[in-house]
Amino acid sequence: MAADKSRFVVSADWLQSELGAKNLRILDASFYLPAQKRDADAEYASGHIPGAIRFDQDKIADHSTNLPHMVPSPEFFAAEVGKLGISENDRIVIYDGPGLFASPRVWWLFHIVMGAPNVFVLDGGLDGWKAEGRPLETATPAFAPATFKPKFNASRVVSLDEMREIVDNRSRQIADARSAGRFAATEPEPREGMRSGHMPGARSLPSGVFATNGKFKSLPELRETIEKAGIDLEKPVVTTCGSGITAAIITLALESLGHGDNKLYDGSWSEWGSREDTLIVTGQD
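A quick note: this is a predicted structure, and the numbers were derived from the prediction, not measured.

Visitor: Describe unusual backbone geometry, with residues and values.
Guide: In the Ramachandran plot, Lys37 falls in the positive-phi region, its phi being about 50 degrees despite a non-glycine side chain. For Lys37, the position within the fold is in the loop between β2 (24-28) and α2 (40-46). By relative accessible area, Lys37 is classed as exposed at 75%. One non-glycine residue, Asn213, lies in positive phi territory at about 55 degrees. Note that Asn213 resides in the loop between β9 (211-212) and β10 (215-216).

Visitor: So what's going on with the pattern of salt bridges? Which residues, and what values?
Guide: Applying the stated criterion across every chain yields a total of 20 salt bridges. Ionic pairing is found between Arg105 and Asp266, a salt bridge with its closest N-O pair at 2.8 Å. Taken together, the positions of Arg105 in helix α4 (residues 103-113) and Asp266 in the loop between β12 (262-265) and α10 (268-272) put the pair 161 residues apart, joining distant regions of the chain. The buried category is assigned to Arg105, whose relative accessible area is 2%. With its nearest N and O atoms 2.7 Å apart, the salt bridge here joins Glu132 to Arg134. Classification of Glu132 by relative accessible area gives partly exposed; the value is 41%.

Visitor: Before we move on, can you summarise the pairing of β2 with the specific residues and values?
Guide: With 5 of its 5 residues buried, β2 lies for the most part within the structure. Residues Leu24, Ile26 and Asp28 of β2 are buried on one face, and the alternating residues Arg25 and Leu27, pointing to the opposite face, are buried as well. Here 5 bridges tie β2 to strand β4 (residues 91-95), and the two strands are oriented parallel to one another. Across the sheet, Asp28 pairs through a bridge with Tyr95, a residue of β4. Of the strand pairs in this sheet, β2 and strand β3 (residues 52-54) are connected by 3 bridges, and their pairing is parallel. Residue pairing across strands places Ile26 opposite Ala52, the latter belonging to β3.

Visitor: How would you sum up the packing of aromatic side chains? Please name residues and give values.
Guide: Enumeration over the complete set of coordinates arrives at 6 aromatic pairs. On the basis of an interplanar angle of 70 degrees and a centroid distance of 4.9 Å, the ring pair of Phe77 and Phe110 is categorised as edge-to-face. Taken as a pair, Phe77 in helix α3 (residues 74-83) and Phe110 in helix α4 lie far apart in primary sequence, 33 residues in all. Across the pair, Phe110 and Phe77 agree in class, each one buried. The interplanar angle of 80 degrees and the centroid separation of 5.9 Å between the aromatic rings of Phe110 and Phe148 together place this pair among those described as edge-to-face. Of this pair, Phe110 sits in helix α4 while Phe148 sits in the loop between α5 (125-131) and β6 (157-158), placing them 38 residues apart in sequence.

Visitor: A description of the sheet that holds strand β7 (residues 173-176) should follow, citing residues and the corresponding values.
Guide: The 5 strands lie next to each other as β6-β12-β11-β7-β8, forming an open sheet whose pairing is parallel. Edge strands, defined here as strands with exactly one partner in the open sheet, are β6 and β8 (202-204).

The rules behind these values
- Residues numbered from 1 in each chain as written.
- Predicted model: local features only at pLDDT ≥ 70, side-chain atom pairs only at ≥ 80, totals over all residues.
- Heavy atoms only, no water.
- Helix = DSSP H or I, 4+ residues; strand = E, 2+ residues; numbered from the N terminus.
- Buried < 20%, exposed > 50% of the residue type's maximum accessible area, 1.4 Å probe, protein only.
- Salt bridge = Lys/Arg side-chain N within 4 Å of Asp/Glu carboxyl O.
- Pairing = 2+ DSSP bridges.
- Phe/Tyr/Trp six-rings, centres within 6.5 Å; stacked < 30°, edge-to-face > 60°.

If you want it as C-alpha cells, here you go:
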C-alpha cells in the first residue's frame, strides 16, 4: 500500500497476488442490518474470494447474553477459529461487502482483543473486488484444524459499568460511530425499544466518513476527520456505535494513526439505549 495508507489495510492487487499462499487465511466477515437488504450468507454462497472462509460474527460470540455479537471468551474463540483452520500466526485478511463496514470489527477481535499479530482489512471489500472483475469461487474451502493461541486483552473491551464511569468522570473521549441523525435523536434507532440520543460528552463520528467508495482514507485524511469531530488524538478514547460493529472502524483509524490508548464499548447503544437507568442527551452536542 501507499506510504500514507494504514498499515492494517491491504489492496486487492496484493491479495490477488497472494491467493493460495500456505499461511494466508481470508475471512468473509460480511454482516448487514435489515435496512441494508443484503444477505451475507447468500452472497458468500453465490461467490466469494478464492479460499475465503465465512466468519459469522453472531456465531463466534458470547451466547450467554441477549446482546448481539458480543466478544466471546478467548477459549471459545480459539476453539471455533481453530476449527476453521486459523492459527494466531497466520496472515489473516478480512473483508466485507461494502469494504469498510463489518470487517474492522473482526480485525479488532483478532488483532486487538485476541492478540493475533498479522491481521489486515481488504481495501474496497468484496464489492470492489467484483467491480474489478477479479476471481471468485463458490466452493467452500476446508482447511485442516489448527491451534489458535490467544493473547486475550480484556482491557480493550469496555463493559456497561466501565462505560458508566467514563460518562460520569469524563475520563475518556467518547467517539460515536452511529449516524448524525441517530446521535442527535432526529431519526429513530433501527432496533425497537431503544431510546434515542447519545451519551453525555460523546462526539459524533459517523462510520461512513472514513472511506471513499469502500476504500479507507489516507492517514492525513483520517487525522483530519477525527480532529474535525473534536477528538484530541493525544488523549484516551472509547469508541461506540449501535451494536459494537462500526465502532471498530474508528478504532482502526485510531490505531492506524498510532493512537493505542483506545477501547471499544462492546454493548454500545444496543445496551445503553435499551436501559432506563443510563444517561442520554439529544441534539448535536
